[in-house]
Amino acid sequence: MSWTYAGIKRNAPGVILIAALFAVFVPSALHKWTNDASPIRSVDTVDATVESGQGKGQYIHYVLLLENGSAVLVSDDRPRMIGSTVRLERVTRENGFVFYRFPE
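Below or above, wherever it landed, is the structure these notes cover.

### Looking at the overall build of the protein chain
Each helix and strand in the protein chain was counted, giving one helix and five strands. For the protein chain, the sequential pattern of α-helices and β-strands runs α-β-β-β-β-β. Relative to the 2.2 N^0.38 estimate, which gives 13 Å for 104 residues, the radius of gyration of the protein chain is 21 Å and therefore markedly larger than a compact globule would have. Seen along its three principal axes, the alpha-carbon backbone of the protein chain occupies a region of about 65 × 30 × 25 Å. A total of 104 residues make up the protein chain; the buried ones form 19% of that total. For the protein chain, the exposed surface amounts to about 7800 Å²; the carbon and sulfur share of it is 61%. Taken together, the 11 basic and 10 acidic charged side chains of the protein chain have centroids lying 12 Å from each other.

### Comments concerning the pattern of salt bridges
A complete count under the given rule lists four salt bridges for this structure. The salt bridge partner of Arg 87 is Asp 47, with a shortest N-O separation of 3.2 Å. With a gap of 40 residues between them, Arg 87 in strand β4 (residues 85-93) and Asp 47 in strand β1 (residues 40-54) connect regions that are remote in the sequence. A salt bridge links Asp 76 to Arg 78, with the nearest nitrogen and oxygen atoms 3.1 Å apart. For Asp 76, a relative accessible area of 8% translates into the label buried.

### Focus on the sheet that holds strand β2 (residues 60-66)
Read across the open sheet, the five strands follow the order β3-β2-β1-β4-β5; overall the sheet is antiparallel. Every other strand in the sheet has two partners, leaving β3 (71-76) and β5 (98-101) as the edge strands with one partner each. The sheet shows a mean angle of 45 degrees between the axes of neighbouring strands, taken without regard to direction. Direction of pairing for β4 relative to β5: antiparallel, over a ladder of four bridges. Pairing of Arg 90 across the sheet is with Tyr 100, part of β5.

What counts, and where the lines are drawn
- Sequence order as written defines residue numbering, which begins from 1 separately in each chain.
- Owing to the predicted nature of the model, reporting of local features is limited to residues with pLDDT of at least 70; listing and counting of side-chain atom pairs is limited to 80 or more, with chain, interface and lining totals taken over all residues.
- Each side-chain value is worked out from all heavy atoms of the structure, with water and hydrogens disregarded.
- Note on conventions: DSSP H or I runs of at least 4 residues are helices, E runs of at least 2 residues are strands, and numbering of each starts at the N terminus.
- When we talk radius of gyration, it's over C-alpha atoms, and the globule rule is simply 2.2 Å times the number of residues to the 0.38.
- Note on classification: 1.4 Å probe, protein chains only; a residue is buried when its accessible area is under 20% of the maximum for its type, exposed when over 50%, partly exposed between these limits.
- Areas reported here follow the Shrake-Rupley algorithm with a probe of radius 1.4 Å; residue values treat only the protein chains shown as occluding.
- For the purpose of counting charges, residues Lys and Arg are taken to be positive, whereas Asp and Glu are taken to be negative. His and the chain ends are not included.
- A charge is said to be at NZ when it belongs to Lys, at CZ for Arg, at CG for Asp and at CD for Glu.
- Basic side-chain nitrogens of Lys or Arg form a salt bridge, by our definition, when they fall within 4 Å of a carboxyl oxygen of Asp or Glu.
- In short, DSSP must find at least two bridges between two strands for them to pair.
- Between N-to-C directions, angles cover 0 to 180 degrees, with each direction set by a line fitted to C-alpha atoms, over the stretch in contact for helices.

Written out as structure tokens, the structure is:
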């Protein structure tokens, strides 16, 4: 295979795109693995109102409004009625990472 300036120039956008995707996804995956490895410090229950839901396939992604007015995104495989009040668990990990989930 011969390397020419024209050939390198033609492949440069693809190489840059792949390098950029690699630079974004690898740190994101490492951050997720770090959070998954951190033990859970506390689990608190909170009330939330279902604002919207959208999904195809197995999971539905819900936008929920918490008691304090902030919005969170939570995925679940069970249908929820728009406008209904639901219970959530606020999970705090040892490293300070906080996420919300529906109780089992």
